[in-house]
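# Remarks on the overall topology
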Amino acid sequence: MAKVSEIFEKLALRAPVELKMGFDNVGHLAGRGDREARRVLVTLDITDAVIAEAKALGAELIVSHHPLTFEGLKAVTEADMTGRKFLAIIEAGMSAICMHTNLDAATGGVNDALAEAIGARVTGILNAEEGISRLCELPEELPFRDFLNKVKTALGANGLRYAGPEKPVRKLGICGGAGAGDILLALAQGCDTFLTADVKHHQFIWAEELDIDVVDAGHFSTENVVVPVLANWISERFPDVEVRIAESYTQPEKFF
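Now for a look at the structure at hand.

What counts, and where the lines are drawn
Residues numbered from 1 in each chain as written. Predicted model: local features only at pLDDT ≥ 70, side-chain atom pairs only at ≥ 80, totals over all residues. Heavy atoms only, no water. Salt bridge = Lys/Arg side-chain N within 4 Å of Asp/Glu carboxyl O. Helix = DSSP H or I, 4+ residues; strand = E, 2+ residues; numbered from the N terminus. Buried < 20%, exposed > 50% of the residue type's maximum accessible area, 1.4 Å probe, protein only. Pairing = 2+ DSSP bridges. Axes fitted to C-alpha atoms, helices over the stretch in contact; angles between N-to-C directions. Contact = heavy atoms within 4.5 Å. Arc of directions from axis to C-beta. Polar contact = N/O pair within 3.5 Å; in protein donor to acceptor, adjacent residues only side chain to side chain. Parallel < 35°, antiparallel > 145°, perpendicular 65-115°, else oblique. Left-handed = near helix turned anticlockwise from the far one by under 90°. Nonpolar A, V, L, I, M, F, W, Y, C, P; charged D, E, K, R; others polar. Core = buried A, V, L, I, M, F, W, Y, C linked by side-chain atoms within 4.5 Å.

This part is about the pattern of salt bridges. Taken as a whole, this structure holds 13 salt bridges when the rule is applied. When the shortest N-O distance is used, the salt bridge between Glu60 and Arg38 registers 2.9 Å. A residue pair is termed long-range when its members are at least 10 positions apart, and Glu60 in the loop between helix 2 (48-57) and strand 5 (61-64) and Arg38 in the loop between strand 3 (36-37) and strand 4 (39-43) qualify at 22 residues. Given a relative accessible area of 2%, Glu60 falls into the buried group. Through salt bridges with shared partners, a single ionic network connects Arg39, Glu242 and Arg244.

Next up, the structure:
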């Protein structure tokens, strides 16, 4: 068996906390560090449904990408959406570990997993200051519509949003989650396309005016690729721990 604190220590070796961005809140965020974890549930977000699934599984630990909270709590009660999650986790004798922007930046983390999922080779870091977004290359040039189909299928996305000239794709920038701020960096590096999520209206306008294709594949879909990675990291180091990937949490947005 392994203690919660031991699992966090090993995950932090793969995704050092020092890599996180200043606004972030990562680490062991709820529960007892000295508790033994025989079963672990891994997820992108800790939702009410995920907590219920963990309880039904008999898990002692939930490991997620997104933090339970980015700010301090003034109250932990059932009346608050975030407070009730902390309350439910602790009352069930469980703990929560969250690895966010440190996992985005880590070697083998979110963005390397995203590149692998779409069949791209990482050739460098796109935003050197943050160390998160990646510069990538496909093994061969793809017509833009073929690229869209590849991304949607590989990520299991409910749908894609995009804008731009629909040029063939070979060199591209990627950033799992909300990374559209790096579009100009991708353009400066000669990318045909930038793949990310949470693209804003004015950024889609940039795509048309700057002659670069911008593809928004959804926050869930561009980051959920790291959940199996987290599960494997735990299983490899702690083979006696039962590790499951949450089944109750899927892409929240739907398309009509």
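Additional details are given in the paragraphs that follow.
A negative phi holds for most residues other than glycine; trans holds for most peptide bonds. Of note, Glu166 is a non-glycine position whose phi angle comes to about 60°, a positive value. Structurally, the position occupied by Glu166 is in the loop between strand 9 (161-163) and strand 10 (169-178). Unlike most non-glycine residues, Asp198 shows phi in positive territory, near 55°. By the secondary structure assignment, Asp198 is in the loop between strand 11 (193-197) and helix 8 (201-210).

Each strand in a sheet pairs with another by means of backbone hydrogen bonds, the pair being arranged parallel or else antiparallel. Read from one edge of the open sheet, five strands run 2-6-5-4-13, paired in mixed fashion. Edge strands, defined here as strands with exactly one partner in the open sheet, are strand 2 (27-30) and strand 13 (242-245). Ignoring strand direction, the axes of neighbouring strands in this sheet form an average angle of 25°. In terms of strand pairing, strand 4 meets strand 13 through four bridges, oriented parallel. Counterpart to Arg39 in the pairing with strand 13 is Glu242. Across the face of the sheet, helix 2 comes into contact with strand 4, strand 5 and strand 13 while running at roughly 160° to strand 4.

It is worth spelling out the sheet that holds strand 11 at this point. Taken in spatial order, the six strands of this open sheet run 7-8-10-11-12-9, and their pairing is mixed. Both edges of this open sheet fall to strand 7 (121-125) and strand 9, since each of them pairs with a single strand only. Here the average twist between neighbouring strands, direction ignored, is 25°. Of the pairings in the sheet, the one linking strand 7 to strand 8 (residues 134-142) comprises four bridges and is antiparallel in character.

Another aspect to go through is helix 5 (residues 110-117). When you tally the buried positions in helix 5, you get six out of eight residues, the bulk of the element. For helix 5, the set of buried residues is Val110, Asn111, Asp112, Ala113, Leu114 and Ala115.

Our next topic: helix 1 (residues 4-14). Buried residues of helix 1: Val4, Ile7, Phe8, Leu11 and Ala12, and no others. The arc enclosing the buried residues of helix 1, seen along the axis, measures out at 135°, which places them on a common side.

So, on to the environment of Arg39. Mapping Arg39 onto the fold places it in strand 4. Sequence separation of Arg39 and Glu242 is 203 residues, and the distance between their C-alpha atoms is 4.6 Å. Among residues more than four places away in sequence, those in contact with Arg39 are Leu57, Gly58, Ala59, Glu60, Leu61, Val241 and Glu242. Here the side chain of Arg39 touches Glu242 through a polar contact of 3.3 Å, side chain to side chain.

What follows deals with the packing of helix 1 against helix 10 (residues 227-237). Helix 10 packs onto helix 1 with a crossing angle of 120° between their chain directions and a minimal axis gap of 10 Å. As far as their axial angle goes, helix 10 and helix 1 are oblique. Remark: the crossing between helix 1 and helix 10 carries right-handed chirality. The residues of helix 10 that touch helix 1, namely those facing Ile7, Lys10, Leu11 and Arg14, are Leu230, Trp233, Ile234, Glu236 and Arg237. Of the residues assigned to the contact of helix 1 with helix 10, the class counts are five nonpolar, no polar and four charged.

Among the nonpolar cores identified, the biggest contains 69 residues, and Ile7, Leu11, Val40, Val42, Val63, Ile97 and Ile234 are the most heavily contacted of them. Per-element tally for this core: the top contributor is helix 10, with six residues. For Leu11, the contacting residues outside a window of four places in its chain are Val63, Ile97, Met99, Leu230, Trp233 and Ile234. Among the nonpolar cores identified, the runner-up in size contains 16 residues, and Leu135, Ala186, Cys191 and Phe194 belong to it.

The residue Arg134 is located in strand 8 in this model. A polar atom in the side chain of Arg134 sits 3.4 Å from the backbone oxygen of Ala106. A polar contact is formed between the side chain of Arg134 and the backbone oxygen of Ile132, at a distance of 2.8 Å.

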